[in-house]
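Observations on the model geometry
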Amino acid sequence: MTSVLDDWLQPRPGGGAGGLSDRLSRLRPAVGERRDGGDDADHPDADHPDADHSDDDQPDAGLIPTGPQTRFHERMTYGLRTALNAQVPGDLVAVSRMDVLLGPDRRARPDVSLVDDLAASDDRRTCYLAEEVRLVIEVVGPDSAASDRDVRPRHYAAAGIPHFWRVESTDFRPFVYSFALDADGAGYQVTGVHHTRLAVDAPFPIAIDLERLPR
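A brief look at the structure comes next. (Residues numbered from 1 in each chain as written. Predicted model: local features only at pLDDT ≥ 70, side-chain atom pairs only at ≥ 80, totals over all residues. Heavy atoms only, no water.)

As a further point, take the overall build of the chain. Along its length, the chain carries 5 helices and 11 strands. Relative to its full complement of 215 residues, the chain shows a buried share of 49%. Within the chain, residue pairs in contact and separated by at least 24 positions form 61% of the contacts whose partners lie at least 6 positions apart. Accessible area for the chain stands at about 10700 Å²; split by element, carbon and sulfur atoms hold 51% of it. (Helix = DSSP H or I, 4+ residues; strand = E, 2+ residues; numbered from the N terminus. Buried < 20%, exposed > 50% of the residue type's maximum accessible area, 1.4 Å probe, protein only. Contact = heavy atoms within 4.5 Å. Areas by Shrake-Rupley, 256 points an atom, 1.4 Å probe, with all protein chains shown as cover.)

Structure representation (structure tokens):
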């Protein structure tokens, strides 16, 4: 869970979200790229009559302020990343709050991502390619529920990310929906709903006690 703005970064045409320098080592965003909930009013094209605001799947950047993070969200993000890194094989690393390029003009910032170790070992990286990511995790919250349950999974699946987990809660007790890409790669299929204990075989055998996550 994070603000809709914080997670879905939609650069203007020519902003270069998928540029080679960004993929490998760029340390700052391209000029004109809307990031981190920046207000549209700060952009020179914000009020231009020809500005393109036609992507219905894309929340309008800059219109909703970033809300404070709940302790539950922070605890889930830290706990799942730590639990994954305690069990991952040597060729994978779990990271949190890193951009993933989903296409030439679309990126996301999942709460947790499981990425190839070679990519994660480069400390200059500001983002990862979708093909370097095996799993993305979103923690659902009140200001991101619609996107976490619908918009983000559709874009993750379209980018070919093999696995997706959605963390929900009842009275701040977590449960997890696990998903895998279907055979034709058109969308995700539910592989399980996990209360108390999460156990899956892919992207590698994982068993996590959801009630005893690292804090």
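From this point, things continue past the structure.
What follows concerns the pattern of salt bridges. When charged atoms on two side chains of opposite charge get close, those side chains can pair. Within the structure shown, the criterion is met by 14 salt bridges. Between Asp122 and Arg124 there is a salt bridge whose closest N-O contact spans 3.1 Å. Judged by relative accessible area, which is 51%, Arg124 ranks as exposed. The closest approach of N and O atoms between Arg212 and Asp209, which form a salt bridge, is 3.9 Å. Overall, Asp209 belongs to the partly exposed group, its relative accessible area being 32%. In the salt-bridge network here, residues are joined through shared partners; they are Asp99, Arg107 and Arg109. (Salt bridge = Lys/Arg side-chain N within 4 Å of Asp/Glu carboxyl O.)

A few words now on the sheet that holds strand β2 (residues 99-103). Read across the sheet, 3 strands follow the order β3-β2-β5 without closing on themselves; strand pairing throughout is mixed. Pairing within the sheet leaves two strands with one partner each, and these edge strands are β3 (106-108) and β5 (127-129). For this sheet, the mean angle separating the axes of adjacent strands, direction not counted, is 35°. Pairing of β2 with β3 involves 3 bridges; the strand directions are antiparallel. (Pairing = 2+ DSSP bridges. Axes fitted to C-alpha atoms, helices over the stretch in contact; angles between N-to-C directions.)

Another aspect to go through is the packing of aromatic side chains. In this structure the tally under the stated criterion is 7 aromatic pairs. Both rings, one in Tyr177 and one in Phe179, keep their centres 6.4 Å apart while their planes meet at 25°; by these two values the pair is stacked. The class for Tyr177 is partly exposed, based on a relative accessible area of 23%. Plain terms: the ring middles of Phe179 and Tyr188 are 6.4 Å apart, the flat faces sit at 55° to each other, and that makes the pair tilted. (Phe/Tyr/Trp six-rings, centres within 6.5 Å; stacked < 30°, edge-to-face > 60°.)

Turning our eyes to something else, we now look at the side chain of His163. Note on placement: His163 falls in strand β7 (residues 163-170). His163 sits in the buried class, given a relative accessible area of 14%. Sequence-distant contacts of His163, defined by excluding residues within four places in its chain, comprise Arg134, Leu135, Val136, Phe179, Ala180, Tyr188, Ala202 and Pro203.

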